[in-house]
Amino acid sequence: MQQEHPHGYVEETPELRAFYGDLERLSAAPLWTMLESMMPDHPMPKARPFLWQWEQIRPQLIRAGQLVTPERANRRVIVLCNPGLPGQGCASQCFQANVQMVLPGEIAPAHRHSASAIRFIMEGRGAYTAVDGEKTLMYPGDLVLTPNWTWHDHGNDTDEPMIWQDGLDVPLVNRLDGMFYEAYRGMQQEYTRPVNASSHAFGQGGLYPTWEKWTAPHSPLLNYSWESTREALARAGKEAPGTRWDGICMEYVNPVTGGPMMPTMAGNAQLLRPGEHTQAHRHTKDVIYHVVEGSGYTVVSGVRFDWKKHDIFVIPKWALHEHANGSRTADACLFSYNDQPVMQALGLYREEELLENDGYQVVTGTFSPPVTRLGSS
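Residues numbered from 1 in each chain as written. Predicted model: local features only at pLDDT ≥ 70, side-chain atom pairs only at ≥ 80, totals over all residues. Heavy atoms only, no water.

Engineer: Would you explain the sheet that holds strand S21 (residues 332-338) in this entry?
Structural biologist: Picture the strands of a sheet paired through backbone hydrogen bonds; they go either parallel or antiparallel. In space, the six strands of this open sheet follow the order S1-S19-S16-S21-S14-S13, with antiparallel pairing throughout. The sheet is open, and its two edges are formed by strand S1 (50-52) and strand S13 (248-252), each paired on a single side. Taken over all neighbouring pairs, the strand axes of this sheet differ in orientation by 25° on average, direction set aside. Pairing geometry for S13 and strand S14 (residues 266-272), over five bridges, is antiparallel. Pairing of Met-250 across the sheet is with Ala-269, part of S14. Packed onto the sheet, helix H7 (residues 226-239) meets S13, S14, strand S16 (287-293) and S21 and runs at close to 145° relative to S13. (Pairing = 2+ DSSP bridges. Helix = DSSP H or I, 4+ residues; strand = E, 2+ residues; numbered from the N terminus. Axes fitted to C-alpha atoms, helices over the stretch in contact; angles between N-to-C directions. Contact = heavy atoms within 4.5 Å.)

What follows is the structure, given as structure tokens:
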């Protein structure tokens, strides 16, 4: 026979209240009063599905360029803060999602930290990120890795601003109390390797240099170029069926192991063909999406989120979601990163498809982002 209260239920009495008070004074508590909140029937993330419109965020980033410099601020970065996680400075329980700008002639000083980071390039051409002595030149759509505890700095020798999205596992590392941070002894590190050396060694279409003995847990590739990624998506879009939940979805992998690009973070490039509308599913991973190309919408837990180029949105764990390309003639492309490697390593990863209503959610509302004017308070 099924229990009436599967998490337990004890009716409160004056004696129990006195008992609870005595336990509290001893920094202790009875499990039966908190078991349901500690072990819910399914994940109950505090992070909300949310979308940041680039047309609102970009003017604020330009404004920051008039107010602070990387030399004084360390990084000119705007942090995208999930309203379900107030005061925490993160987009999801595991990830920060930021936007950063380096203006012509500027240097963002070298440092290193326990958190891993990615850069997804949005605007500008030819500025650089340097990681452990290697520079890579960056162009729109490139994915640049900054593995944990690697020295890194950014510089812009071009005549136009360089803007990208940062994704970092800072919240995860801090929740594990594993964060260390160290500033470099100068603004820039010594550049000891040829520019784009890792791409020349490991980005050669499946060929692996036998003289390279790579043992680090992260990918040896510093830069996954959008040019080659977009070619692969276009080819797969013509030749492969994809999946009914994600369309054409390809993972950025470690070319040595075939596994995720970093131990705490996986990345995907996704193509939605003209008019494509995927079916709904959910999974135990946080996903941060970046719209690279096209426009469309994503339905998350029954709410429609309309998106266009450079918008950024988050889907928390165990939220039903489906994607739709709003155009009948043009592709839509999404970049995303997620914490699936962590969840799999801990034995906590699972997926589930929606079986009702032919796999599509009933739309109950449309997301309306907050609106602000420059200089408003």
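There is more to say after this.
Engineer: Quick question: what am I supposed to make of the sheet that holds strand S7 (residues 134-137) here?
Structural biologist: In space, the five strands of this open sheet follow the order S7-S6-S9-S4-S11, with antiparallel pairing throughout. If you trace the sheet from one side to the other, it starts and ends with S7 and strand S11 (181-183), each paired once. Averaged over all neighbouring strand pairs, the angle between strand axes comes to 25°, with direction disregarded.

Engineer: Just checking my understanding: could you explain the pattern of salt bridges for this structure?
Structural biologist: It is possible for side chains bearing opposite charge to pair when their charged atoms get close. This structure, assessed with the given rule, holds 17 salt bridges. Across the pair Arg-17 and Glu-12 runs a salt bridge whose closest N-O atoms are separated by 3.2 Å. Its relative accessible area of 44% is what places Arg-17 among the partly exposed residues. A salt bridge links Arg-119 to Asp-166, with the nearest nitrogen and oxygen atoms 2.7 Å apart. (Salt bridge = Lys/Arg side-chain N within 4 Å of Asp/Glu carboxyl O. Buried < 20%, exposed > 50% of the residue type's maximum accessible area, 1.4 Å probe, protein only.)

Engineer: Would you mind showing me how to read the pairing of strand S8 (residues 143-146) here?
Structural biologist: Both faces of the sheet carry side chains from a regular strand, because those side chains alternate between them. Of the two faces of S8, the one carrying Leu-143 and Leu-145 and the one carrying Val-144 and Thr-146 are both buried. Where S8 and strand S12 (residues 223-224) come together, two bridges link them in antiparallel fashion. For Val-144, the partnering residue across the bridge sits in S12 and is Asn-223.

Engineer: How do you make sense of the side chain of Thr-146 when you look at a structure like this?
Structural biologist: On the secondary structure map, Thr-146 appears in strand S8. Overall, the relative accessible area of 0% leaves Thr-146 in the buried class. Within the structure, the side chain of Thr-146 is placed 3.3 Å from the side chain of Arg-119, a separation counted as a polar contact. Here Thr-146 is in contact with Ser-116, Ala-117, Arg-119, Val-131, His-152 and Met-262, once residues within four sequence places are set aside. (Polar contact = N/O pair within 3.5 Å; in protein donor to acceptor, adjacent residues only side chain to side chain.)

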